[in-house]
Amino acid sequence: MPPQISPIDYAVPVFILLILIEMIVARRRDPARYEARDTLTSLLLGTGSTVAGALTGGLVLALSLRLYELRLFDISWAWWAWALCFVLDDFAYYWFHRAAHRVRWFWASHVNHHSSQHYNLSTALRQPWTSFIAVSFIFRIPLALIGFHPAMILACGAVNLIYQFWIHTEAIGRMPRWFEAVMNTPSHHRVHHAVNPRYLDRNYAGTFIVWDRMFGTFAAEQDTDRPRYGIVRQLGSFNLLWAVFHEWIGIARDLWSAPWRHKLSYAWREPGWSHDGSRMTSDMIRARWQAHRSTNDQDGEERPWTSSTSS
Amino acid sequence: MVFEVIKLAVSLIAVLAVVWLVSAMKLGREARIRDPAHAIALADEAEPGFGGIDVGLDRAGYAALVRNAAGRQMLVRAHGAQFAARTVDSRFTGRLDKGFLTLTPPERAFGSVTLQLGKDAGLWASRMRDVAHNAKPSAGT
């Protein structure tokens, strides 16, 4: 009988406590870190995400169990199996997350998590409602085919999600150097949530930042370039349903209006891609910024920001 | 099932309590555009290299219109404690009422924006006629 573990249920009270502590810190150091309507949207997105997960989780579990029946190896419940499962699940998470930023279909779901212009612990709970529609689960369930029990995969995924909670904060500057080298940290994840051109589409890691270092997607937070959060085209709205569905609506409109031979590209190409070049992808934004920067030699104008905002 | 419903109800109560606390602690006051230089910087953040040269700043600092050398215009407005921007294109509609200029973007969720521009309102309204001819690629998502 596999163990029935739901670590997130136990973590939620701690999440709320840490949010309250962060709010007190924000009041003393930088009250703009929180905004009531933004927090409401984030927390309702989190609540709705748990409902969506409850409705569709059974199907994903059933599919995982079916794959587990076809497993290649019999992997036990030994401690090393848990450790290996966690590392492999984090590796799978890296590729899921990378795809979630580079393929518009997956982005349409994941964008919920990025649509806040604030970066605080409530942002961590801003989770998508449409992961099942986006078939995001296909990145993780192959572990069941290898031979890890689905219950173990679910537990490791939950622990990974819990780990990622505390890194959504501006209240922590930098961790010790050895920790920053191996683990995902608030500094690394601020980069991930930033829309500054140099930070776009970087640091996809869940728990271990080593994946980004290995696959060339790592960017370090610069003291001279304070992260600005959100999405390239900020929503400008606190409407919950717009936050959830705006990118899906955008895909539907593009599929409707695009020429036949380009229709699918609006779902499978990177966000911002357009057949007529009328929009900009993150790569195009970065290239334009670099060109503009080299022309204007902005290096001399950059000033440190971390001392005044991180606490 | 009953337990799940109770859990959901408790979650919603906790959400409302946290949001009330954010409000009670006066966190996240409405952002305001301080001056024309601030508006130009915000436009550059929204579109790197936008290069604003002229600004129509709302008297209360709630919003601004920023124009660059190519004649393109960007609408910047406060969004809670932050800012959001949109490139003004031919799909925008404008309404001039004495010193007030109201811009309505095609995207309903972004909402209409009314700028108190005083005597400059007419000038910015007339510039809107030119924006259709100056459309350039903009950030897509």
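Just so you know, these numbers come straight off a predicted model, no measurement behind them.

Focus on the sheet that holds strand β7 (residues 113-116) of chain B
All names here are of chain B.
Reasoning step 1: Strand order across the open sheet formed by three strands is β5-β6-β7, with antiparallel pairing between neighbours. Single-partner strands in this sheet number two, and they are β5 (93-97) and β7. Between one strand axis and the next, the sheet turns by 20° as a mean value, whatever way the strands run.
Reasoning step 2: With five bridges joining them, β5 and strand β6 (residues 100-104) adopt antiparallel strand pairing. Across the sheet, D97 pairs through a bridge with F100, a residue of β6.

Considering the pairing of β7 of chain B
Residues and elements named next belong to chain B.
Reasoning step 1: Residues of β7 alternate between two faces, with V113 and L115 buried on one and T114 and Q116 left unburied on the opposite face.
Reasoning step 2: Summarising the sheet, β6 and β7 pair through four bridges and their orientation is antiparallel. Across the sheet, residue L101 finds its bridge partner in β7, namely L115.

Here we look at the interface of chain B and chain A
Reasoning step 1: Across the boundary between the two partners, chain B contributes 31 residues, which contact 43 residues of chain A.
Reasoning step 2: For the side of chain B that touches chain A, the secondary structure elements donating two or more residues are α1 (2-24), β4 (82-88) and β8 (138-139) of chain B.
Reasoning step 3: Top element by residues in the side of chain B that touches chain A is α1 of chain B. It accounts for eleven residues.

A closer look at helix α7 (residues 150-165) of chain A
Residue and element names in this part refer to chain A.
Reasoning step 1: Compared with an ideal rise of 1.5 Å per residue, which puts 16 residues at 22 Å, α7 spans 23 Å between its outermost C-alpha atoms and is within 8% of the ideal.
Reasoning step 2: Turning to α7, its buried residues are P150, M152, I153, L154, A155, C156 and G157.
Reasoning step 3: Contacts made by the buried residues of α7 are with α1 (7-29), α2 (36-69), α3 (79-102) and α6 (142-146).

Some remarks on helix α9 (residues 186-193) of chain A
Because each turn of an α-helix spans 3.6 residues, side chains separated by three or four positions in sequence point in the same direction.
Residues and elements named next belong to chain A.
Reasoning step 1: A large share of α9 lies buried, amounting to eight of its eight residues.
Reasoning step 2: Buried residues of α9: P186, S187, H188, H189, R190, V191, H192 and H193, and no others.
Reasoning step 3: Buried-residue contacts for α9 involve α4 (104-114) and α8 (177-182).

Re the domain arrangement of chain B
Accessible area lost during the coming together of the parts is what is often quoted as the interface size.
Reasoning step 1: Assigned domains of chain B: these are domain 1 (1-28) and domain 2 (36-134).
Reasoning step 2: Here domain 1 of chain B and domain 2 of chain B have C-alpha centroids that lie 37 Å from each other.

Here we look at the nonpolar core
Reasoning step 1: Judged by nonpolar contacts, the single largest core of 29 residues is most densely connected at A39, A43 and V76 of chain B.
Reasoning step 2: Where this core is concerned, the elements lending two or more residues are α2 (36-46), β1 (52-57), β2 (63-68), β3 (73-79), β4, β6, β7 and α3 (121-127) of chain B.
Reasoning step 3: The biggest single contributor to this core is α2 of chain B, with five residues.
Reasoning step 4: Not counting the four nearest positions on each side in its chain, A39 of chain B is found in contact with I33, G52, V55, L57, A64, V66 and V76 of chain B.
Reasoning step 5: Counting residues in hydrophobic clusters, the runner-up holds 26 residues, among them C85, A108, F139 and A205 of chain A.

A word on the environment of A14 of chain B
Residue and element names in this part refer to chain B.
Reasoning step 1: By the element assignment, A14 lies in helix α1.
Reasoning step 2: Accessibility expressed as a C-beta count within 10 Å gives 17 for A14, which makes it partly exposed.
Reasoning step 3: Spatially, the C-alpha atoms of A14 and G111 are 30 Å apart, while their sequence positions differ by 97 residues.

Some remarks on the packing of α1 of chain A against α1 of chain B
Reasoning step 1: At a closest axis distance of 11 Å, the pairing of α1 of chain A and α1 of chain B adopts a crossing angle of 5°. On the basis of the axis angle, α1 of chain A is roughly parallel to α1 of chain B. Between α1 of chain A and α1 of chain B, the residues in contact are I16, I19 and M23 of chain A and A14, V18, L21 and V22 of chain B, respectively.
Reasoning step 2: Split into classes, the residues belonging to the contact of α1 of chain A with α1 of chain B amount to seven nonpolar, no polar and no charged.

Things to note about the sheet that holds β1 of chain B
Residue and element names in this part refer to chain B.
Reasoning step 1: Across the sheet, which stays open at both edges, the four strands sit in the order β1-β2-β3-β4 with antiparallel pairing between neighbours. Bordering the open sheet on either side are β1 and β4, each of which pairs with just one other strand. Each neighbouring strand pair of the sheet contributes to a mean axis angle of 25°, computed without reference to strand direction.
Reasoning step 2: In this sheet, β3 lies alongside β2 in antiparallel orientation, the contact comprising five bridges.

Rules used throughout
- Going along each chain's sequence as written, the residues are numbered from 1 onward.
- Note on labels: chains are lettered from A, ligands numbered from 1, in written order.
- Under the rules for a predicted model, residues below a pLDDT of 70 receive no local features and side-chain atom pairs below 80 are neither given nor counted, while totals for whole chains, interfaces and linings still include all residues.
- Here, strands pair whenever DSSP counts at least two bridges between them.
- Labels follow the DSSP assignment, with helices taken as runs of H or I lasting at least four residues and strands as runs of E lasting at least two, numbered in each case from the N terminus.
- Between the N-to-C directions of two axes lies an angle of 0 to 180 degrees, each axis being a line fitted to C-alpha atoms and, for a helix, fitted only over the stretch in contact.
- With C-beta atoms placed from the backbone, a residue is labelled by how many other C-beta atoms lie within 10 Å of its own: buried for 20 or more, exposed for 12 or fewer, partly exposed between the two.
- For the purpose of contact definition, each residue receives a C-beta atom placed from its backbone, and two residues are in contact when these atoms lie within 7 Å.
- To estimate the expected span of a helix, subtract one from its residue number and multiply by 1.5 Å.
- Residue ranges for the domains originate in an automatic or database domain assignment.
- Note on terminology: a nonpolar core is a set of buried residues of type Ala, Val, Leu, Ile, Met, Phe, Trp, Tyr or Cys, with members joined through C-beta atoms within 7 Å.
- For classification, angles of less than 35 degrees are called roughly parallel, those exceeding 145 degrees roughly antiparallel, those between 65 and 115 degrees roughly perpendicular, and all remaining angles oblique.
- Residues are grouped as follows: nonpolar covers Ala, Val, Leu, Ile, Met, Phe, Trp, Tyr, Cys and Pro; charged covers Asp, Glu, Lys and Arg; every other residue, Gly included, is treated as polar.

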